[in-house]
Amino acid sequence: MIRLRIADFRFGILSAKEAALRQLMAANYTPFLCDDEADETLLFTLDADTPVHRPDAAPAVTFDYALTDSPASLRIYGDRYQLALTCPPAERTFTLECLRQADGRFRFTSDLTLQGVVPPRHFIDHLLIFALSLAAIEEGFLLIHSSTIVCEGKAVLFLGESGTGKSTHSRMWLENIAGATLLNDDGPALRVRPDGTVTAYGTPWSGKTPCYKAESYPMGAFVRICRAPYNRLSPRLDAIRALGATLPSCLPILQHDDYLLDRVCANLSAILKTVPAFRMECLPDGDAARVCRAGLQDILG
C-alpha cells in the first residue's frame, strides 16, 4: 500500500501495480509518503484496481468541465459521486467512485490501473484531491486555489481569478520582502480545528511551480488580488465580503451538491472567524509587495 500524509490526514492507495504508481507519483508525492507509519489509522483507502460502472438511474446532477485539455465530469447520484477524467490522445476515461456507506463514510474505488495505458500524472492529482476533500470535509478541511507565501512564521494566501497575478504577487514578495518563502503556488490545504485555530499546509498540488513542501504554518491572512493602476490594500473585509472573496477559490466540484456546498461554507465561515481577509488592488511590481506587507503589519509583526 502507498501511504500518504497530507494536512495531517493519513490515507492509502491499494494497487497490484504499486511500484508503477509510486514511480509515476514520485515527483510531487515523495515528501508526503508515510510508509514508516504503517500502524497509523487511515482516513480512507482508495482501491485503484476496481472497475467502476455507472448506475442504471440517471444522475441527479452532472457537472461537466474542462481539465486543461481533458474533458471532466462529476456525476452525483443519491448514494455516490463519480468523477470521470478523459484523456483524448489515449481515448481512455479514468473514473473515481465515492460510495456512501451505512455509517456515512465513503468507500473509494477507481479504475486508475485498468485502462491499458499509464494515467496522466495530473489525473492522479485530481482524483486524489476530490477523494481527500470528500473524506476530510467533516474535519474542517479545505483546499484553496491560491499562491501561498510564509512570512514571519505565518501563511498568507493570495487569491484571485486566473491571470490576475497571484503567482506574480508571490514572486514580488520573495524578491522584495526579507524572509518570505513560497509554501505552495496553486492548491494549499487549510484545516480549522474545533478550537478555531487554522493551519495552512503545503500539498503535492502546486500547479506549474514545483513546490511540494510537507510543511504547515499558522494561517495569517487571505488577500484577494485585483489588477489596478495603483497599489492599495483594503481594510479588513466584513464577514459577507470576506466570504465572497474566498468562496470562489474553493474547489468548484464541491459546489454542485447541497451537502458538499453546505460543508464548504461551514468550514470557510469557521476559518473566517479568526482569519482576516483583504482586497489588494495592485500593479505587478515590488512596491505592491511592500504595500501589502506594510498593511499586514499587525498580523505578521
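Residue positions are counted from 1 within each chain, in the order its sequence is given. Given that this is a predicted model, residues contribute local features only at a pLDDT of at least 70 and side-chain atom pairs are listed and counted only at 80 or more, while totals for whole chains, interfaces and linings are drawn from all residues. Based on all heavy atoms of the structure, the side-chain values leave hydrogens and waters out of the count.

### Here we look at the sheet that holds strand β5 (residues 70–76)
Here is step 1: Only when DSSP finds a minimum of two bridges between them are two strands counted as paired. Counting from the N terminus, the helices are the DSSP runs of H or I reaching at least four residues and the strands are the DSSP runs of E reaching at least two. Sheet architecture is open: eight strands sit in the order β1-β2-β3-β8-β7-β6-β5-β4, paired in mixed fashion. Both outer strands of the open sheet, β1 (2–6) and β4 (61–67), are each paired with one neighbouring strand and no more. For this sheet, the mean inter-axis angle between neighbouring strands, taken without regard to orientation, is 20°.
Here is step 2: In terms of strand pairing, β1 meets strand β2 (residues 9–14) through five bridges, oriented antiparallel. In this analysis an axis means a line fitted to C-alpha atoms, helices contributing only their contacting stretch, and an angle means the value between N-to-C directions, from 0 to 180 degrees.

### Thoughts on the packing of aromatic side chains
Here is step 1: Any two of the Phe, Tyr and Trp rings considered here, Trp counted by its six-membered ring, make a pair once their centres fall within 6.5 Å; the pair's planes then place it as stacked at under 30 degrees, edge-to-face at over 60, or tilted in between. This structure, assessed with the given rule, holds ten aromatic pairs.
Here is step 2: Considering the side-chain rings of F9 and F141, the 5.7 Å spacing of their centres and the 85° angle between planes classify their relative orientation as edge-to-face. Within this pair, whereas F9 is found in strand β2, its partner F141 is found in strand β9 (residues 141–143), the two being separated by 132 residues in sequence.
Here is step 3: Exposure categories follow from relative accessible area, calculated using a 1.4 Å probe and restricted to protein chains: below 20% of the type maximum is buried, above 50% is exposed, and the middle band is partly exposed. For F9, a relative accessible area of 5% puts it in the buried group.

### Some words on helix α3 (residues 166–176)
Here is step 1: Buried residues of α3: K166, H169, S170, M172 and W173, and no others. The buried side chains of α3 occupy one side of the element, clustering within an arc of 155° when seen end-on. Working definition: the arc comes from the directions between the helix axis and the C-beta atoms, pointing outward to the latter.

### Things to note about the layout of surface pockets
Which parts of space are left empty comes out when a probe the size of a water molecule is rolled across the atoms.
Here is step 1: What the largest pocket holds in volume is close to 1200 Å³.
Here is step 2: For the largest pocket, the lining is made up of 37 residues, of which L67, H126, H145, D186 and G207 are closest to its centre.
Here is step 3: Elements represented by at least two residues in the lining of the largest pocket include exactly β4, α2 (121–136) and α3.
Here is step 4: If one sorts the elements of the lining of the largest pocket by residue count, α2 sits on top with five residues.
Here is step 5: Under the scheme applied here, ten amino acids are nonpolar (Ala, Val, Leu, Ile, Met, Phe, Trp, Tyr, Cys and Pro), four are charged (Asp, Glu, Lys and Arg), and all others, including Gly, are polar. Taken together, the residues of the lining of the largest pocket sort by class into 16 nonpolar, 13 polar and eight charged. Residues are said to line a cavity or pocket when one of their atoms sits within 4 Å of a point; the points come from a 1 Å grid over protein atoms alone, cavities being sets where a 1.4 Å probe fits but cannot get out and pockets being open sets with protein on both sides within 12 Å along at least five of seven lines. Grid points are joined across faces, edges and corners, and a volume is the space filled by probe spheres set on the points.

### Examining empty space enclosed by the protein
Here is step 1: Summed over the entire model, instances satisfying the criterion amount to one cavity of 30 Å³ or more.
Here is step 2: If you trace the largest cavity, you find it lined by I13, L46, L112, I124, L127 and L128.
Here is step 3: Considering each element in turn, the lining of the largest cavity owes the most residues, three residues, to α2.

### Remarks on the pattern of salt bridges
Here is step 1: For this document, the term salt bridge refers to a Lys or Arg side-chain nitrogen within 4 Å of an Asp or Glu carboxyl oxygen. For the structure shown, the criterion picks out eleven salt bridges.
Here is step 2: Between R263 and E138 there is a salt bridge; the shortest N-O distance is 3.5 Å. In this pair, R263 is assigned in helix α5 (residues 258–272) and E138 in the loop between α2 and β9, connecting sequence segments 125 residues apart.
Here is step 3: When the shortest N-O distance is used, the salt bridge between R171 and E175 registers 3.5 Å. Taken together, the residues span about one helical turn, with R171 and E175 both in helix α3 at a distance of four residues.

### A closer look at the nonpolar core
Here is step 1: The set of buried Ala, Val, Leu, Ile, Met, Phe, Trp, Tyr and Cys residues whose side-chain atoms join them within 4.5 Å is what this entry labels a nonpolar core. Counting 76 residues, the largest nonpolar core has F108, L128, F130, L132 and F222 as the members making the most contacts within it.
Here is step 2: For this core, the element with the most residues is α2, which contributes eleven residues.
Here is step 3: Core analysis: the next-biggest nonpolar cluster, separate from the first, contains 23 residues, I177, A180, F278 and L300 among them.

### What to know about the pairing of strand β11 (residues 154–159)
Here is step 1: Taking burial as the measure, the six residues of β11 include five buried ones, the bulk of the element.
Here is step 2: Pairing geometry for strand β10 (residues 147–151) and β11, over five bridges, is antiparallel. Counterpart to V150 in the pairing with β11 is A155.
Here is step 3: The antiparallel hairpin formed by β10 and β11 contains two residues in its connecting segment, where E152 sits at a positive phi of about 55°.
Here is step 4: Where β11 meets strand β15 (residues 216–227), five bridges bridge the pair, whose relative direction is parallel. Pairing of L159 across the sheet is with R224, part of β15.

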